[in-house]
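A look at the structure
Here's the letter readout for the chains.
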Amino acid sequence: MSLDISGGVLLAVLLGAALHASWNALIKSSQDKALDTALIHGLGTVTALPLLAMFGPPPVAAWPYVLGSTLIHIGYYTSLAGAYRHGDLGLTYPLMRGSAPLLVALASHALIGEGLSPLAWLGVFTLCAGVLILGLSRSALRGQGDEARRRTALRYALTNALFIAAYTLVDGIGVRVSGNAPAYIAALFLFDGLPYLSLVLWQRRADLAPVRAYAARRWPVALLGTTASLGSYGIALWAMTHAPVAMVAALRETSVLFAALLGTWLLREPFGWQRAMGTGVIVGGVMLLRLG
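Residues numbered from 1 in each chain as written. Predicted model: local features only at pLDDT ≥ 70, side-chain atom pairs only at ≥ 80, totals over all residues. Heavy atoms only, no water.

As a reminder of what qualifies: UniProt positions are given in the numbering used here, feature names are shortened, and annotations may be inferred rather than shown by experiment.
In the nomenclature of an unreviewed UniProt entry, the chain is known as DMT family transporter of Ideonella oryzae. Per UniProt, the chain carries the Subcellular location (unreviewed entry) text "Cell membrane".

Written out as structure tokens, the structure is:
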């Protein structure tokens, strides 16, 4: 199997990046970030059922990867909600997404023997640098309030980057083992959101009436987030069957551009010259990855 970033794969991953930023913005703008995160991914179980009926289950060899990814995602969702509770989307999202591709690139070379060309490595570093420049802009830092709150947001964001790198590698291997990307994606979403939803419900078990009322009011919006999440990650996993995992992981983080725009447009978060510079660096990284 030849692995390369073709034009079609590149455009698909960019579409997935836009979808990923959209459901993250939905969570950031919500009144209850933990519950909205749980609803979006809990509803993934419902949407996965018709996909499983259509494509069938993945082979037995792929199930350990599905279950492993499910466990890793519990930590991912927990740290994601924590990051958005303490920091702006424009700061936490770029930090989470900008750190992970480097970890994926290093680990994919060591664990699955997937090397990158020097130009592709330069593209990964350039794209990550652009994400971090955009995320660490002065305008983003000014919106964080006190120093203690900002540091808490940074800790959650960097912890989340470790979880992102871990599930990216597990799923990148798992979807190839399955030989059937739609079946693997459906199986993953069947179980993915249930542990975190159960954790949130258990934490609020003393008074579930407000939870039921919020879910009844919020589920149509949450379902849109579910669809965006499934589409985003489904595109990424499909792309990993056609291109190196590290390159797809890096390209997927162009979602930070969409997140910055959504944060400015919908959430009234500031956008300054440093974010503009970061945007230019990210575009340069994408071009290097395509050429690499």
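Further notes follow.
**What about a nonpolar patch on the surface?**
Cut-off, in case you're wondering: A patch consists of residues exposed above 30% relative accessible area that lack any salt bridge, with like charges linked at up to 9 Å and nonpolar side chains (Val, Leu, Ile, Met, Phe, Trp, Tyr) linked at up to 5 Å. Methods summary: accessible areas were calculated by the Shrake-Rupley approach with a probe of 1.4 Å, and residue burial reflects only the protein chains presented. Here, a salt bridge means any side-chain nitrogen of Lys or Arg that lies within 4 Å of a carboxyl oxygen of Asp or Glu. A run of H or I in DSSP counts as a helix once it spans at least four residues, and a run of E counts as a strand once it spans at least two, with each numbered from the N terminus.
Residues Leu119, Leu122 and Leu291 make up a contiguous nonpolar surface patch of roughly 290 Å² in combined accessible area. Positionally, Leu291 belongs in helix 13 (residues 273-291).

**Brief notes about the pattern of salt bridges**
Convention followed: Burial classes: relative accessible area under 20% of the type maximum marks a residue as buried, over 50% as exposed, and values in between as partly exposed (1.4 Å probe, protein chains only).
On inspection of all chains with the given rule, the structure shows three salt bridges. A salt bridge links Asp32 to Arg204; the shortest N-O distance between them is 2.5 Å. Of this pair, Asp32 sits in the loop between helix 1 (7-28) and helix 2 (33-55) while Arg204 sits in the loop between helix 9 (194-203) and helix 10 (209-240); the two residues are 172 residues apart in sequence, bridging distant segments of the chain. With a relative accessible area of 17%, Asp32 lands in the buried category. The salt bridge partner of Asp36 is Arg218, with a shortest N-O separation of 3.0 Å. In this pair, Asp36 sits in helix 2 while Arg218 sits in helix 10, placing the two residues 182 residues apart along the sequence.

**A closer look at the nonpolar core**
To keep things clear, this is the line we draw: Throughout this description, the term nonpolar core refers to a set of buried Ala, Val, Leu, Ile, Met, Phe, Trp, Tyr and Cys residues connected via side-chain atoms within 4.5 Å. Contact criterion: two residues are considered in contact whenever any of their non-hydrogen atoms come within 4.5 Å of each other.
Counting residues in hydrophobic clusters, the biggest one holds 84 residues, and the most contacted among them are Leu237 and Leu289. Counting residues per element, this core draws most heavily on helix 10, which supplies ten residues. Apart from residues no more than four positions distant in its own chain, Leu289 is found in contact with Ala120, Gly123, Val124, Leu127, Met247, Ala250 and Leu251.

**A short note on the packing of aromatic side chains**
Keep this limit in mind: Each Phe, Tyr or Trp ring (for Trp, its six-membered ring) is paired with any other whose centre lies within 6.5 Å, and the angle between the two planes then decides the class: stacked below 30 degrees, edge-to-face above 60, tilted in between.
Tallying each qualifying case throughout the model produces six aromatic pairs. Where Tyr76 meets Tyr77, the ring centres are 5.2 Å apart and the plane angle is 55 degrees; that geometry is what we call tilted. One exposure class covers both Tyr76 and Tyr77, and it is buried. Taken together, a centroid distance of 5.2 Å and an interplanar angle of 80 degrees make the contact between Tyr76 and Tyr167 edge-to-face.

**Overview of the packing of helix 3 (residues 63-86) against helix 9**
When two helices pack together, their arrangement is given by the angle between the helix axes and the distance between those axes. For clarity, the threshold we go by: Here, axes are lines fitted to C-alpha atoms. For helices the fit covers the stretch in contact, and angles between N-to-C directions go from 0 to 180 degrees. When describing relative orientation, an angle under 35 degrees is termed roughly parallel and one over 145 degrees roughly antiparallel, while 65 to 115 degrees is termed roughly perpendicular and anything else oblique. In this scheme the crossing of two helices becomes right-handed for a clockwise turn of the near helix relative to the far one and left-handed for an anticlockwise turn of less than a right angle. Each residue receives one of three labels: charged for Asp, Glu, Lys and Arg, nonpolar for Ala, Val, Leu, Ile, Met, Phe, Trp, Tyr, Cys and Pro, and polar for the others, Gly being one of them.
Between helix 3 and helix 9, the shortest axis-to-axis distance is 8 Å and the interhelical angle comes to 50 degrees. By the angle between their axes, helix 3 is oblique relative to helix 9. Remark: the crossing between helix 3 and helix 9 carries right-handed chirality. Contact residues: helix 3 offers Thr70, Ile74, Tyr77, Thr78 and Ala81, while helix 9 offers Pro195, Tyr196 and Leu199. The residue makeup of the contact of helix 3 with helix 9, split by class, is six nonpolar, two polar and no charged.

**Observations regarding the environment of Val124**
Structurally, Val124 is set in helix 5 (residues 118-135). A sequence separation of 158 residues divides Val124 from Ile282, and the C-alpha atoms of the two residues are 9.5 Å apart. Residues contacting Val124, with those up to four places away along its chain left out, are Pro101, Leu102, Ala105, Leu116, Ala250 and Leu289.

**A closer look at the environment of Ala276**
With respect to the secondary-structure elements, Ala276 resides in helix 13. Overall, the relative accessible area of 40% leaves Ala276 in the partly exposed class. Placed 150 residues apart in sequence, Ala276 and Thr126 show a C-alpha to C-alpha distance of 15 Å.

**Quick word on the UniProt feature "transmembrane region" (unreviewed entry) in the chain**
Sequence positions flagged by UniProt for "transmembrane region" (unreviewed entry) are, in local numbering, residues 6-26, 38-56, 119-141, 153-170, 182-201, 221-240 and 246-267. Across residues 6-26 one finds 95% helix and 0% strand; the C-alpha atoms that close the span lie 31 Å apart. Split by type, residues 221-240 is 100% helix and 0% strand. Its first and last C-alpha atoms lie 29 Å apart.

**Some details on the packing of helix 3 against helix 8 (residues 181-192)**
In the contact formed by helix 3 and helix 8, the axes pass within 9 Å of each other and the chain directions differ by 45 degrees. Comparing the axis directions of helix 3 and helix 8 gives the class oblique. Crossing of helix 3 against helix 8: the hand is right-handed. Residues Trp63, Tyr65, Val66, Ser69, Thr70, His73 and Tyr77 of helix 3 form the contact with helix 8, whose participating residues are Tyr184, Ala187, Leu188, Phe191 and Asp192. Each residue belonging to the contact of helix 3 with helix 8 can be placed in one class, and the counts come to eight nonpolar, three polar and one charged.

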